[in-house]
Amino acid sequence: MNQSNYIRELKQLLQDRMPTEELKEVLSDYSSFFISGREEGRSDQQIAEELGTPAMVAQSLIEDQEKLDHRATKKIADPGRRFFAFIIDAFISICPSILASFFISSIIAPALFVLFTSYPSPALGLSVYAGTASYYQDKTVTVHSDSDQQTTTTKREYGKPSTSVITISYMLIAFYLLYGLICTWLMHGQTVGKKLICLRVRAASGEPASKSAIFYREFLGKTVINSIPIIPLISLFTLLFTKEHKALHDMLADTRVIKF
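Since the structure is predicted, the reported quantities are computational estimates derived from the model, not experimental observations. (Residues numbered from 1 in each chain as written. Predicted model: local features only at pLDDT ≥ 70, side-chain atom pairs only at ≥ 80, totals over all residues. Heavy atoms only, no water.)

Engineer: Would you mind going over the overall build of the protein with me for this structure?
Structural biologist: For the protein, the count of helices and strands is twelve helices and four strands. When burial is assessed residue by residue, the protein has 36% of its 260 residues classed as buried. Counting only contacts in the protein whose residues sit at least 6 apart along the sequence, the fraction spanning at least 24 positions is 62%. Carbon and sulfur atoms make up 61% of the accessible area of the protein, which amounts to about 15,400 Å² in all. (Helix = DSSP H or I, 4+ residues; strand = E, 2+ residues; numbered from the N terminus. Buried < 20%, exposed > 50% of the residue type's maximum accessible area, 1.4 Å probe, protein only. Contact = heavy atoms within 4.5 Å. Areas by Shrake-Rupley, 256 points an atom, 1.4 Å probe, with all protein chains shown as cover.)

Engineer: Just checking my understanding: could you explain the environment of asparagine 2 for this structure?
Structural biologist: For asparagine 2, the position within the fold is in the segment before α1 (3-14). Judged by its relative accessible area of 32%, asparagine 2 is partly exposed. A sequence separation of 45 residues divides asparagine 2 from isoleucine 47, and the C-alpha atoms of the two residues are 8.8 Å apart. Residue contacts for asparagine 2: discarding those within four places in its chain leaves Phe34 and Asp44. Looking at asparagine 2, its side chain comes within polar contact range of the main-chain nitrogen of asparagine 5, at 2.9 Å. (Polar contact = N/O pair within 3.5 Å; in protein donor to acceptor, adjacent residues only side chain to side chain.)

Engineer: Hey, could you run me through the packing of aromatic side chains in this one?
Structural biologist: For any two aromatic rings, the description comes down to two numbers: the centre-to-centre distance and the angle of the planes. Evaluation of the coordinates by the stated rule reveals nine aromatic pairs. Centroid distance phenylalanine 83 to phenylalanine 84: 5.9 Å. Interplanar angle 65°. Geometry classified as edge-to-face. A residue is classified by how much of its surface remains accessible, and phenylalanine 84, at 52% relative accessible area, is exposed. Pairing tyrosine 119 with tyrosine 176 gives two aromatic rings, centres 5.7 Å apart and planes at 70°, and the pair type is edge-to-face. Placement of the pair is tyrosine 119 in the loop between α6 (109-117) and α7 (122-129) and tyrosine 176 in helix α8 (residues 163-186), with a sequence separation of 57 residues. By the burial criterion, tyrosine 119 is buried, and tyrosine 176 matches it. A network of ring pairs unites the aromatic residues Phe86, Tyr119 and Tyr176 as a single cluster. Sitting over the ring of phenylalanine 260, arginine 200 keeps its end group 5.2 Å from the ring centre. (Phe/Tyr/Trp six-rings, centres within 6.5 Å; stacked < 30°, edge-to-face > 60°. Lys NZ or Arg CZ within 6 Å of the ring centre and 35° of its normal.)

Engineer: Sorry, what's going on with the side chain of serine 121 here?
Structural biologist: Within the secondary structure, serine 121 is located in the loop between α6 and α7. Here serine 121 falls in the buried class, since its relative accessible area comes to 12%. For serine 121, the residues in contact, after removing those within four places along its chain, are Asn226, Ser227, Ile228, Pro229 and Pro232.

Engineer: I tried to follow the side chain of serine 235 on my own but got confused; where do I start?
Structural biologist: Position of serine 235 relative to the elements: it lies in helix α11 (residues 230-241). Looking at serine 235, the relative accessible area reads 5%, which means it is buried. Excluding its chain neighbours within four sequence positions, the residues that come into contact with serine 235 are Asn226, Ala247, Leu248 and His249.

Engineer: Any chance you could explain the nonpolar core here in plain terms?
Structural biologist: In globular proteins that are soluble, nonpolar side chains generally tend to be buried together. Counting 16 residues, the largest nonpolar core has Tyr6, Leu10, Leu14, Val26, Tyr30 and Leu61 as the members making the most contacts within it. Residue assignment for this core shows that the elements contributing at least two residues are α1, α2 (20-39), α3 (44-51) and α4 (54-74). Sequence-distant contacts of leucine 14, defined by excluding residues within four places in its chain, comprise Leu23, Val26, Ala58, Leu61 and Ile62. (Core = buried A, V, L, I, M, F, W, Y, C linked by side-chain atoms within 4.5 Å.)

Written as structure tokens, this is what we have:
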């Protein structure tokens, strides 16, 4: 059996049993065996006999792949662990807003609550947080009565905040939106929540997730697409019922969350 027949038969046996990129690597490796063997003076038939029949090689590779898949499946993070990491990250994302509310013109508590609960779909929280009705200022008013008595009262006024408050609010919004992306970039697949719960985002292949994959997952998926209200519900369904517990943003970026 010559090289071309051997490689063709091996490809037919493996093409539906392993990922395309991995198959290309396998075929390239076995092609190199023939090339190096011929350089050493052996015939294609001798090389093929040393390697074993394509059927034997394919069966061995498939078994190895199944073992790897089984070990990888055992590492997949369950929805419960991901939920706790999510709660931690949602709280961290609004911590600056909570702190700022003590030092700048106050933000009403319901706005912060909505910001927290809408973390899976950021557009809703931002629409409330950015609204002028979410801000108030306390003003002291002195009233003179006919009996020459002065009465001092505090009046709470709702409406458009000052320029400095608007600037700070935009910075807080940027942190709220980009916390997951920047954290996952800098912490190599982790946020603070994931680190505390011992989780990590990896590529579906098991390799570390690339920066482009993290961008697709954390920004395009979780921030932009999840802002469509129905999408988080679909993501919850896929997270609970797919084999690898993948949310839609995991499918978009071809990533998965593992425990370690």
